[in-house]
Amino acid sequence: MKLIKTALAQGFIRCHDCGYLIKSKVQCLCPVCKSSVSARRHQNLHLTTALIISSFCLYIPANIYPIMAVTELGVTARHTIAGGIMVLIQKDMVPIAILVLVASILVPLMKLLGITLLLLCVHYRWQVNVHLFTRMYRIIAFVGRWSMLDIFMISILVGLVNMGGVANVIAGPAATAFAAVVVLTMFAAKSFDPRLIWDHQLT
Amino acid sequence: MAKTALLFLWPCAFSLVPVYAFEACPECDLLLNPAEPEHGDKAHCPRCGYLLQRPHKHSIERTLALSLAGLILIVPANLLPMIAVKLLGNSQDGNLWSGVLALFNEEMWAVAVLVMLSSVLLPLVNMGLAFVISLHLFIKKPSNYLIFWMRWYQHLNEWAMIEVYALGIIVAWVKLADDADIRFGFGLYAFVGLLIVNAMLANELDCYTFWQRISQLSKK
């Protein structure tokens, strides 16, 4: 077994905010930036789990209900997220359709499943390919904000196309659910401590 | 006189204060000797490959200049019309705020607040924080609020989503391009400028360097 020296094993705790190493084993205040410092954010696992479960619940209405309603010359059409992508494909704008598909369907789903996998891995102390899992965590943390694409697009359309019966776009109930999914998964990724993946590995 | 004394003291202060004698990787907690990469190089964690630091030459001066430019550009990007749409004889122009206001009028207040925060308010707050932090480090004036500002800068950074908004504009433009006549206003050019400045700022502001400078400044 290779002996790898983690800061915690040597009696140091790294401050989450400023990176200063504190010689302590218990929760304390960072002398540099005065933030509260603990060795691992274990208690956050509950928080992450709660956030992920709420996101799973909200992901369903976000995909079932219409995310926007488009009125053109008195005719109203309601689009779900998938419906909006189908409209883009029918208009022969496949690259943009793929972009929206990735940003608003695949990325949230991948994030939900990915964080669930990370939580299971930490909880059951699985022996996994740590490099792969760390890379997965990084991708999840990086990619989260790009799901806001659909929300921004709707807010732009709602602001611009606002001409009464002639042409009008209004946001649907799924927009709130989808925005909540994005925000909650971003908080979940932020509250997860990636060092926990490394802690229980024997090699 | 005071200035030369300060210059003399600078390397001494650096060696006397053992602030960052060791460091640890934030993602795998490996205990490390602090890397001292050259300007322009990057230091990665040897175990997990996390980007530890990325020092730049004149990091503070450049951050100061870029954040000032960003603060100036935010004003026209918010106030001037960005896109004008002409649809079946009706025309309308919109800026960053029109979408937020329309969502408020629809009583979608949660989405409206989220859009307002991530596209208007937090980019402004972040630019302002980067400006005051780099200004204090540039004129070497210690402040009790420096650590507070820096912590908030780090936490709020990912919630300012200018680049995502830009992608949203492109998608909205493609969706409307078939049916409507679209013109871009001066606000959009300011917004693109803001986008570039924001990306350069994120590249220039190395948190490790900034924290070191802040702790040196408060120790003196």
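**As for helix H4 (residues 130–143) of chain A**
Residue and element names in this part refer to chain A.
- Over its 14 residues, H4 runs 20 Å from end to end, which matches the ideal 20 Å to within 8%, given 1.5 Å per residue.
- Those residues of H4 lying buried are Val130, Phe133, Thr134, Tyr137, Ile140 and Val143.
- Those residues of H4 hidden inside the fold are in contact with helix H3 (94–123), helix H6 (173–191) and helix H7 (195–199).

**Concerning the interface of chain B and chain A**
- Chain B puts 61 residues into the contact, and the matching count from chain A is 65 residues.
- Taken together, the two surfaces of chain B and chain A that pack against each other cover about 5800 Å², and 69% of this comes from carbon and sulfur.
- When residues of chain B are sorted by the area they lose upon contact with chain A, Glu27, Asp29 and Lys175 of chain B head the list and together hold 12% of the total.
- Inspection of the region where chain B meets chain A yields five salt bridges.
- With its nearest N and O atoms 2.7 Å apart, the salt bridge here joins Arg151 of chain B to Asp17 of chain A.

**Here we look at the domain arrangement of chain A**
- One can read the domain layout of chain A as domain 1 (7–39) and domain 2 (42–199).
- Relative placement of domain 1 of chain A and domain 2 of chain A: their C-alpha centres are 34 Å apart.

**Side note on the confidence of the model for chain B**
Residue and element names in this part refer to chain B.
- A residue-level look at chain B finds 90% of positions with pLDDT of 70 or above and a mean pLDDT of 82.
- Within chain B, the element-level pLDDT minimum falls on helix H1 (residues 2–16), averaging 36, and the maximum on helix H4 (residues 109–138), averaging 92.
- Segment residues 1–18: pLDDT under 50, and eight contacts once partners within four positions in sequence are set aside and those in other chains are kept.

**Looking at the sheet that holds strand E7 (residues 167–171) of chain A**
All names here are of chain A.
- One open sheet accounts for three strands, arranged E6-E5-E7; its pairing is antiparallel. Each end of this open sheet is capped by a strand with a single partner; those strands are strand E6 (75–79) and E7. Between one strand and the next, the sheet's axes are offset by a mean angle of 15°, whatever the strand orientation.
- Here strand E5 (residues 68–72) runs beside E6; their pairing, made up of five bridges, is antiparallel. The residue bridging Thr71 from the neighbouring strand is Thr76, located in E6.

What counts, and at which threshold
Residues numbered from 1 in each chain as written. Chains lettered and ligands numbered in written order. Predicted model: local features only at pLDDT ≥ 70, side-chain atom pairs only at ≥ 80, totals over all residues. Heavy atoms only, no water. Helix = DSSP H or I, 4+ residues; strand = E, 2+ residues; numbered from the N terminus. Expected span 1.5 Å × (residues − 1). Buried < 20%, exposed > 50% of the residue type's maximum accessible area, 1.4 Å probe, protein only. Contact = heavy atoms within 4.5 Å. Buried area = accessible area lost by both parts, 1.4 Å probe. Salt bridge = Lys/Arg side-chain N within 4 Å of Asp/Glu carboxyl O. Domains from an automatic or database assignment. pLDDT = per-residue confidence, 0-100. Pairing = 2+ DSSP bridges. Axes fitted to C-alpha atoms, helices over the stretch in contact; angles between N-to-C directions.

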